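Architecture and fold: a report
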Amino acid sequence: MRLAMIPIHVIGGGLAGSEAAWQAAELEADVVLHEMRPLRMTEAHQTSGLAELVCSNSLRSDDWENNAVGLLHEEMRRAGSLIMASADLSKVPAGGALAVDRDAFSQHIQSRILGHPRIALVREEVSVPPREWSNTIIATGPLTSAALASAIQKLTGEESLAFFDAIAPIVERDSIDMEIAWLQSRYDKQGPGGGTADYVNCPMASGEYRQFVAALLHGDKTEFHEWEKSTPYFEGCLPIEVMAVRGEDTLRFGPMKPVGLRNPKTGERPYAVVQLRQDNALGTLWNMVGFQTKLKHGEQVRIFRTIPGLANARFARLGGIHRNTFLNSPKLLAGDLRLKADPGWRFAGQITGVEGYVESAAIGLLAGRFAAAAARGESATPPPPETALGALLAHITAGADAKTFQPMNINYGLFPPLTGKERGRDKKKLMAQRALSALEAWLRTRTMASDSRANHGADHDPLAAVSGNFS
Ligand SMILES: Cc1cc2nc3c(=O)[nH]c(=O)nc-3n(C[C@H](O)[C@H](O)[C@H](O)COP(=O)(O)OP(=O)(O)OC[C@H]3O[C@@H](n4cnc5c(N)ncnc54)[C@H](O)[C@@H]3O)c2cc1C
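Below is a short write-up of the structure. (Residues numbered from 1 in each chain as written. Predicted model: local features only at pLDDT ≥ 70, side-chain atom pairs only at ≥ 80, totals over all residues. Heavy atoms only, no water.)

**Comments concerning the site of the ligand**
- Taken together, 33 residues lie near the ligand, and A16, E35, R37, Q350 and Y357 sit nearest.
- The backbone of S56 places a nitrogen or oxygen atom 3.1 Å from an oxygen atom of the ligand.
- The contact in question runs from a nitrogen atom of the ligand to an N or O atom on the side chain of S145, over 2.8 Å.
- With the chains in place, 91% of the 980 Å² that the ligand exposes on its own is no longer accessible.
- Listed by contribution, the elements that provide at least two residues to the shell around the ligand are α1 (15–26), β2 (31–35) and α10 (357–375).
- Residues that form the shell around the ligand fall into these classes: 13 nonpolar, 16 polar and four charged. (Near = heavy atom within 4 Å. Polar contact = N/O pair within 3.5 Å; in protein donor to acceptor, adjacent residues only side chain to side chain. Areas by Shrake-Rupley, 256 points an atom, 1.4 Å probe, with all protein chains shown as cover. Helix = DSSP H or I, 4+ residues; strand = E, 2+ residues; numbered from the N terminus. Nonpolar A, V, L, I, M, F, W, Y, C, P; charged D, E, K, R; others polar.)

**Some thoughts on the packing of aromatic side chains**
- On inspection of all chains with the given rule, the structure shows seven aromatic pairs.
- Between Y209 and Y271, the aromatic rings sit 5.8 Å apart at their centres with planes inclined by 65 degrees, giving edge-to-face as the arrangement. With Y209 in helix α6 (residues 206–218) and Y271 in the loop between α7 (240–245) and β12 (272–278), the pair connects residues that are 62 residues apart, well separated along the chain.
- The class of Y271 is partly exposed, set by a relative accessible area of 24%.
- The rings of F212, F291, F304 and F315 are connected pair by pair, giving a single aromatic cluster.
- Across from the ring centre of F253, 5.5 Å away, lies the NZ or CZ of R252, which sits over that ring.
- It is R252 that lies over the ring of Y271; its NZ or CZ is 4.0 Å from the centre. (Phe/Tyr/Trp six-rings, centres within 6.5 Å; stacked < 30°, edge-to-face > 60°. Buried < 20%, exposed > 50% of the residue type's maximum accessible area, 1.4 Å probe, protein only. Lys NZ or Arg CZ within 6 Å of the ring centre and 35° of its normal.)

**Overview of helix α8 (residues 297–304)**
- Of the residues making up α8, those classed as buried are E299, Q300, I303 and F304. When α8 is viewed along its axis, its buried side chains cluster within an angular range of 110 degrees and face the same direction.
- Of the surrounding elements, those touching the buried residues of α8 are α6, α7, β13 (285–288) and β14 (315–317). (Arc of directions from axis to C-beta. Contact = heavy atoms within 4.5 Å.)

**Looking at the sheet that holds β14**
- Spatially, the six strands line up as an open sheet ordered β10-β11-β12-β13-β9-β14, and their pairing is antiparallel. Two strands in the sheet have a free side with no partner beyond their single neighbour: β10 (182–183) and β14.
- Summarising the sheet, strand β9 (residues 170–172) and β14 pair through two bridges and their orientation is antiparallel. What sits directly across from V171, in β14, is F315. (Pairing = 2+ DSSP bridges.)

**A word on the environment of L261**
- The residue L261 is located in the loop between α7 and β12 in this model.
- What makes L261 buried here is its relative accessible area of 0%.
- C-alpha of L261 to C-alpha of Y187: the two residues are 74 residues apart in sequence and 6.3 Å apart in space.
- Non-local contacts of L261, meaning those with residues more than four positions away in its chain, are made with W182, Q184, S185, R186, N201, R269, P270, V273 and Q275.

Structural measurements only, silent on function.
What follows is the structure, encoded as structure tokens:
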């Protein structure tokens, strides 16, 4: 006889929630998946389909040997991802990228979820997860409904949930030219890391600064969606190009202020300066302080590479400003994605501060597995940090600086560095090989329900284990 298992409640049937529900169910947990569409729509979704792609139809590069997101694809495939299996089945030609027919993609996911005997799909908005849901995954995404967002805020505190991201670009540290840039805090004051040389400074002479400001003014920008325009983010967090419009010197009196700095190589005080601050515990990623922007990505690369010291910069993340609901995860979440303030709530997807379809689904994959382990009374084993899954998880739950936390894509700067002197493609290949062997070892340690399909009773009903929460 099978003992009744406390079901896992997954709130949100997007990329993360669908993957989480699938993973948990494949590990023999009973799952109730709650999706509010079509009863209540978000500002961006157009359909009632699970895992709807709200914008681009691309899951980005599929090259696992040379691209960090391609590696994440491969790891997810090996971990039995429903999102990746559905993407492979609904793929359309897109060169080295994995692009999908969005309707076929969503329909495939929905039919697999509906056909799984351990998953019940309930169409409803969850405003506050009831206390008796002791194993809940919240995967409600960047457009989490207002009622649930307010319940999360009540539990975690006002400052813990953001409603806009204001992303400054992040540069891989070893691509900064330190023959030109130097380390110093203003007036040699103690900086965020407690040292006196916590910032990388890229100096600009007067002509360089003026050209830079002109480039910002003329650069191609992305527009806000109509529904984003009403949110008053602006004065708190101005994009650099908006500051540039206010006057040629505005940036020089703002984030590019040179006071308290002297170039040790020339003995001169710079006319303006671009400062970068360490962004992860590994010290491999540095963010451009105060450089949130709505310049198009190609323009950012072109213009920011004119900054002295950044001519060969590799950008782990480019800037952006969007409507987005996300937690201060490094402060709030434990390593198994549980809320420290209430371990009955686990989070997944974009709301945890990852960015993008694939990253959101990847965190859903982990949350589903961790919740299934909890349902069996086991503790979760996170994937090793050498894997893309582990590197992403470690970044949002521990590696990132909670004070400056902003959403992050997967990138090589999140992985522990290799010990040798490899560069470029060799380095990426070695990182990929290291990741996949670490992943295989991790997958072997899981108690996989290899015969789960054999156990799927035709009359099995996940809702039967839930008392009275559904009408
Ligand atoms: C306008 C916009 C454009 C984007 N474009 C891209 C892009 O081109 N490429 C890219 O990689 N990423 C893009 N993103 C980011 C993308 O949304 C996320 O990466 C991804 O969809 C997040 O997955 P998720 O599962 O966390 O959230 P979602 O896929 O948004 O899923 C969350 C689900 O939760 C449901 N929900 C919300 N609140 C409740 C509630 N209280 N009760 C029940 N259900 C609820 C929603 O209806 C939704 O189905 C974009 C985001 C936005 C907002």
